[in-house]
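Residue strings, one per chain:
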Amino acid sequence: MTLNTCPRLGWLPALTGIFLACGCLVAYIIAVLRGDVTPYMPFISEAGTDPPQSGIFSIFLFCSGCLGLITMTIRYVSVTKLNKNHIRKIQVANCTSFFCGIVAIGGMIVVAVYPMSSLKLAHDIGAYALFFVGMTYAFLQTLVSYFLYPNDNGLAICRIRLTFATLCLVSLIINILSLLCFIDLNQVSVMIFYPISSAEFDSGNYSHTKRLKHPGEKGFVGLVISSAAEWTMAFNFIFYFFTYIQEFQKITLQCVIYSLDHHFDESSNNQTDENRPLLFKQV
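For the structure given in this document, a descriptive report is provided here. Residue positions are given per chain, counting from 1 as you read along its sequence in written order. Per-residue local features are limited, in this predicted model, to residues with pLDDT of at least 70; the limit for side-chain atom pairs, both in listing and counting, is 80 or more; totals at the level of whole chains, interfaces and linings are taken over all residues. For the side-chain quantities, the full set of heavy atoms in the structure was used; hydrogens and water were omitted.

This next bit is on the overall build of the protein chain. Strands here are runs of E lasting at least two residues and helices are runs of H or I lasting at least four, both read from the DSSP assignment and numbered beginning at the N terminus. Looking only at helices and strands, the protein chain has nine helices and five strands in total. Its helices and strands in sequence order give the protein chain the pattern β-α-α-α-α-α-α-β-β-α-α-α-β-β, from N to C terminus. A 1.4 Å probe rolled over the protein chains alone gives each residue an accessible area, and that area as a share of the maximum for its type sets the label: buried under 20%, exposed over 50%, partly exposed in between. Going through the 283 residues of the protein chain one by one, you find that 41% of them count as buried. Once local pairs closer than 6 in sequence are excluded, the contacts in the protein chain between residues at least 24 apart make up 69%. Working definition of accessibility: Shrake-Rupley area with a 1.4 Å probe, residue cover restricted to the visible protein chains. Of the accessible surface of the protein chain, which amounts to about 15300 Å², a share of 67% is contributed by carbon and sulfur atoms. Note on definitions: a residue-residue contact is assigned when non-hydrogen atoms from the two residues lie within 4.5 Å.

Shown next as structure tokens:
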């Protein structure tokens, strides 16, 4: 028996991005309304660290992670099918990117399970895996797109994906620089920016935490630059997944079910036909 699961799969990458965006924005809105953070660009995880928004944030991230993993799997299978001549460089880039995608999704799940307020070390490890390895996935799949040009996709989509991947890299660099160092052009000196910003904030002896920062307070600018880069990077990932929508609209999955025997309680010596799919096939 053959079941048509979905005639077009463009909704998969679309929902992946939508769930991730909703998780970030809904958590931010609730956190601001409850007074858990100020509206001055808190870190994404700061907005989603306290209940009830922490639960909503985790649910959206988990759903986005599951949909993202399915999207990456279908992309991997699709590229494998398009690579009819078994070109080595396409196989290596596609397999490596798929592995990176699995690691990045695993990082997203860790971030969803461990908010900043529960186990910060696990949360940070998951966030690093999501951003660093996720960016690697984006560049590798961009490379795959260039390898498939001009037979299987156009040059425009290659450039669009390269743009979003590059913006992710730029945002990550800004985030790192804002955490590590800052060049003061007036004094021509290099300073540790985030630790100094954090230390400056602490030196103010404020009665509130950093996520309740306000303009004019010590370290405010450094914290805002770092968090703004994090938000930019997250939405560049979302837009990158949106580039899959058009090609996924041309993909159909069929679920093929075979019965190996006429009785489920009896053992069977029947061997499956290796030439026919056991679970699903791509059309």
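The biggest cluster of nonpolar side chains holds 19 residues, and the ones touching the most others in it are Leu9, Met72, Ile74, Tyr240, Tyr244 and Phe248. Those residues in contact with Met72 that sit more than four places away from it in its chain are Phe98, Gly101, Ile102, Ile105, Tyr137 and Phe241. Residues grouped as a nonpolar core are buried Ala, Val, Leu, Ile, Met, Phe, Trp, Tyr and Cys residues, joined through side-chain atoms within 4.5 Å. Core analysis: the second largest hydrophobic core is formed by 15 residues, Ala27, Leu61, Met108 and Ala112 among them.

It is at 7 Å that the axes of helix H4 (residues 88-113) and helix H5 (residues 120-148) come closest, and there the two elements cross at 155°. Classified by the angle their axes make, H4 and H5 are roughly antiparallel. Seen from above, H4 lies across H5 with left-handed handedness. Taken together, the residues of the contact of H4 with H5 sort by class into 19 nonpolar, 10 polar and one charged. In this analysis an axis means a line fitted to C-alpha atoms, helices contributing only their contacting stretch, and an angle means the value between N-to-C directions, from 0 to 180 degrees. Working rule for angles: under 35 degrees goes down as roughly parallel, over 145 as roughly antiparallel, 65 to 115 as roughly perpendicular, anything else as oblique. Two helices that cross are described as forming a left-handed crossing if the nearer one is turned anticlockwise from the farther one by less than a right angle, and a right-handed crossing if clockwise. Throughout this entry, Asp, Glu, Lys and Arg are counted as charged residues, while Ala, Val, Leu, Ile, Met, Phe, Trp, Tyr, Cys and Pro are counted as nonpolar. The remaining residues, Gly among them, count as polar.

Next up on the list: the packing of aromatic side chains. When the centres of two rings from Phe, Tyr and Trp lie within 6.5 Å, Trp using its six-membered ring, the rings pair. Their planes under 30 degrees apart give stacked, over 60 give edge-to-face, and anything left gives tilted. Using the criterion set out here, one finds 11 aromatic pairs in the structure. Here Phe131 and Phe237 contribute two aromatic rings whose centre-to-centre distance is 6.3 Å and whose plane-to-plane angle is 20°, an arrangement assigned as stacked. Highlighted residues: Phe131 in helix H5 and Phe237 in helix H8 (residues 220-242), separated in sequence by 106 residues. Here the aromatic rings of Phe164 and Phe239 are separated by 5.7 Å at their centres, their planes lie at 35°, and the arrangement is tilted. Placement of Phe164 in helix H6 (residues 155-180) and of Phe239 in helix H8 is noted, with a sequence separation of 75 residues between them. A residue is classified by how much of its surface remains accessible, and Phe239, at 36% relative accessible area, is partly exposed. An aromatic cluster is defined as three or more aromatic residues linked by ring pairs; in this entry it consists of Tyr240, Phe241, Tyr244 and Phe248.

Here the focus is the pattern of salt bridges. Every case where a carboxyl oxygen of Asp or Glu lies within 4 Å of a side-chain nitrogen of Lys or Arg is listed as a salt bridge. Throughout the structure, instances matching the rule amount to four salt bridges. For Glu247, the salt bridge goes to Arg161, with nearest N and O atoms at 2.7 Å. Highlighted residues: Glu247 in helix H9 (residues 245-248) and Arg161 in helix H6, separated in sequence by 86 residues. Of the residues examined, Glu247 reaches a relative accessible area of 22% and is grouped as partly exposed. Using a relative accessible area of 0% as the deciding quantity, one classes Arg161 as buried. When salt bridges that share partners are traced, they join Arg75, Arg161 and Glu247 into one network.

Working definition: a disulfide is two cysteine sulfur atoms within 2.5 Å of each other. In the structure shown here, the tally under the stated rule is zero disulfides. Free of any disulfide, Cys24 has its nearest cysteine sulfur in Cys22, 9.4 Å distant.

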